[in-house]
Amino acid sequence: MANQKLRKISKRHRRQAREACEALREAAEAAGCVLPSLDIDPAESITGQTLVDLGRARPESVLNLVDVLWAGLAAIAAEAPPVVPLFRPKVGDLVVDTVAVKVGTYKGATDTGWSLSPWPVAGSPWTADPLNVRVATTNERVRADMEANPTAVHGKRVG
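In this text, all values refer to a predicted model and were calculated from it rather than measured experimentally. (Residues numbered from 1 in each chain as written. Predicted model: local features only at pLDDT ≥ 70, side-chain atom pairs only at ≥ 80, totals over all residues. Heavy atoms only, no water.)

A surface patch of like charges, here negative, comprises Asp39, Asp41, Glu44 and Asp53. Structurally, Asp39 can be placed in strand β1 (residues 39–40). By relative accessible area, which is 45% here, Asp39 ends up partly exposed. (Patch = residues over 30% accessible without salt bridge, like charges linked within 9 Å, V, L, I, M, F, W, Y side chains within 5 Å. Areas by Shrake-Rupley, 256 points an atom, 1.4 Å probe, with all protein chains shown as cover. Salt bridge = Lys/Arg side-chain N within 4 Å of Asp/Glu carboxyl O. Lys, Arg positive; Asp, Glu negative; His and termini not counted. Charge placed at Lys NZ, Arg CZ, Asp CG, Glu CD. Helix = DSSP H or I, 4+ residues; strand = E, 2+ residues; numbered from the N terminus. Buried < 20%, exposed > 50% of the residue type's maximum accessible area, 1.4 Å probe, protein only.)

Here it is in structure tokens:
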């Protein structure tokens, strides 16, 4: 049972890493920065985490990317936009509300924040400030699942 959960989590991490890799590739190419070695690493065997390998690139591409980043940061600073979260989860993604210290499933945005539902047990949904929400780690996912199924040990029922 634990291996199945780790495989499922690893699969989700690989999908997220592939999506991040492609998003970076598209943005970099649009800015004239070619990253030919951009790829994803194999999943880590213990955590199932998959990392994006930024690879090797010509110095002029890297310097072009640096210029684009600095220009973007300068534009943001000049406009003084409201603070926005660094990521936007997809409906169903597991996240952590760092203020409530709870793992939840992202249900969507509301006028007052992000709607989250407890995971993996039933409970009352709540609204969290997007600035206080982050992706759930593998350990948090496993811990929340173990709390929901306290009688399950190594995939077998006790008692």
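With that settled, the discussion passes to the confidence of the model for the protein. Across the protein, pLDDT averages 81, with 87% of residues at or above 70. Per-element confidence in the protein is highest for strand β6 (residues 126–128), whose mean pLDDT is 95, and lowest for strand β9 (residues 156–157), whose mean pLDDT is 52. (pLDDT = per-residue confidence, 0-100.)

Val95, Tyr106, Trp114, Leu116, Trp126, Ala128 and Val133 together form the largest nonpolar core, which totals 7 residues. Those elements giving two or more residues to this core turn out to be β5 (114–118) and β6. Val95 has contacts with Phe87, Pro89, Lys102, Val103, Gly104, Tyr106, Leu116, Val133, Arg134, Val135 and Ala136, leaving out every residue within four places of it along the chain. (Core = buried A, V, L, I, M, F, W, Y, C linked by side-chain atoms within 4.5 Å. Contact = heavy atoms within 4.5 Å.)

If you walk across this open sheet you meet the 5 strands as β6-β5-β4-β3-β7, and the pairing is antiparallel. Looking at which strands have only one partner, the edges of the open sheet turn out to be β6 and β7 (133–135). Here the average twist between neighbouring strands, direction ignored, is 50 degrees. Strand direction decides the pairing type here: strand β4 (residues 102–109) and β5, joined by 5 bridges, are antiparallel. Paired with Thr105 across the bridge in β5 is Ser117. Against the sheet, helix α3 (residues 138–148) touches β3 (94–97), β4 and β7, its axis set at about 100 degrees to β7. (Pairing = 2+ DSSP bridges. Axes fitted to C-alpha atoms, helices over the stretch in contact; angles between N-to-C directions.)

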